[in-house]
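Overview (structure and organization)
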Amino acid sequence: MFDKPEEDKTAKFILEVEGKKLRVHREYLAQFSPIWKSLFLIEHKDDSKVALPDQKLEHIRELLQCIYPPFKPIDDSNVDVVMMCAMEFEVDMLKQRVRQFIEIKLDEQLNSRMGGATNHMIAILERADKFEMTDIVERCSQWFSKQSSSKVNDAIRRVSPESGLILATDRMAFVDKKLREAEKKNRDLETKLQVYSLTADK
């Protein structure tokens, strides 16, 4: 549990964040992060505390609450903070949980009866782009490729150049496919008209 870290007497190691002391179990945390393993068990192995001067207390609390049982859920209120911290401290377990959360949100949109809401798809795309989840960006891009040009252009403006290129490429491929389909329909129609004309002449 990490509800009241200041009162946990079983934790002998202290993290100092913004002047506050958080009691933690260094061995437990070290197994989740190579950075923490080095910091807690090597660099400060003989110390009883370590300061994290560049961190925000609320962010570290949120991070630890997701690592300690009963494992606080990832949701829209904490996903960005948790992922930023997980990336900084290389906590793969949390990065995977964030990925699963985003994938579930994406599946909900793609499988919805309305076929996905643009504002929700934009939010998912932006997070996938920020967290460098290229495969999820590509899934979002497939959805946006079938939307209006204004929606695609808006999505491109919101993401990195790399993700923007994925969106633009998929959009052009979709438009090209539709053009080829239209050309084929026109050719088929012309063929039918020619056959009809020959038949009518007889």
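Residues numbered from 1 in each chain as written. Predicted model: local features only at pLDDT ≥ 70, side-chain atom pairs only at ≥ 80, totals over all residues. Heavy atoms only, no water.

What to know about the environment of Ser33
- Relative to the helices and strands, Ser33 is located in the loop between helix H1 (26-30) and helix H2 (34-43).
- As a C-alpha pair, Ser33 and Glu108 span 75 residues in sequence and 31 Å in three-dimensional space.
- Ignoring anything within four residues of it in the chain, the contact list for Ser33 reads Phe89, Glu90 and Val91.
- Here Trp36 takes part through its backbone nitrogen, which lies 3.0 Å from a polar atom of the side chain of Ser33. (Helix = DSSP H or I, 4+ residues; strand = E, 2+ residues; numbered from the N terminus. Contact = heavy atoms within 4.5 Å. Polar contact = N/O pair within 3.5 Å; in protein donor to acceptor, adjacent residues only side chain to side chain.)

What to know about the pairing of strand S2 (residues 20-24)
- Judged from the five bridges that link them, strand S1 (residues 13-17) and S2 form a sheet pairing that is antiparallel. Paired with Glu16 across the bridge in S2 is Lys21.
- From the end of S1 to the start of S2, which pair antiparallel, there are two residues, and Glu18 there has a positive phi angle of about 50°. (Pairing = 2+ DSSP bridges.)

Topic: the environment of Phe13
- Structurally, Phe13 is set in strand S1.
- For the pair Phe13 and Asp46, spaced 33 residues apart in sequence, the C-alpha separation works out to 11 Å.
- Those residues in contact with Phe13 that lie beyond four places of it in its chain are Leu22, Arg23, Val24, Arg26, Phe40, His44, Asp47, Ser48, Lys49 and Val50.

A short note on the confidence of the model for the protein
- Per-residue confidence for the protein gives a mean pLDDT of 92; residues scoring 70 or more make up 94%.
- Per-element mean pLDDT across the protein ranges from 88 in helix H9 (residues 161-201) up to 98 in helix H7 (residues 134-144). (pLDDT = per-residue confidence, 0-100.)

A closer look at the sheet that holds S1
- The sheet built from three strands is open, its strands ordered S2-S1-S3 with mixed pairing. Edge positions in the sheet fall to S2 and strand S3 (49-51), since each has one partner strand and no second. The mean inter-strand angle of the sheet, taken between neighbouring strand axes irrespective of direction, is 25°.
- In this fold helix H3 (residues 57-67) packs onto S1 and S2, with an angle of close to 15° to the strand it touches most, S2. (Axes fitted to C-alpha atoms, helices over the stretch in contact; angles between N-to-C directions.)

Looking at the layout of surface pockets
- Quantified by volume, the largest pocket comes out at close to 150 Å³.
- Lining of the largest pocket is provided by Asp76, Phe101, Ile102, Lys105, Glu108, Gln109, His120, Ala123, Ile124 and Arg127.
- Sorting the residues of the lining of the largest pocket by element identifies helix H5 (92-110) and helix H6 (118-130) as the ones contributing at least two each.
- The dominant element in the lining of the largest pocket, judged by the number of residues it contributes, is H5, at five residues.
- A per-class count over the lining of the largest pocket returns four nonpolar, two polar and four charged. (1 Å grid on protein atoms, 1.4 Å probe; cavity = no way out; pocket = protein on both sides within 12 Å on 5 of 7 lines; lining within 4 Å. Points joined across faces, edges and corners; volume = space filled by probe spheres on them. Nonpolar A, V, L, I, M, F, W, Y, C, P; charged D, E, K, R; others polar.)

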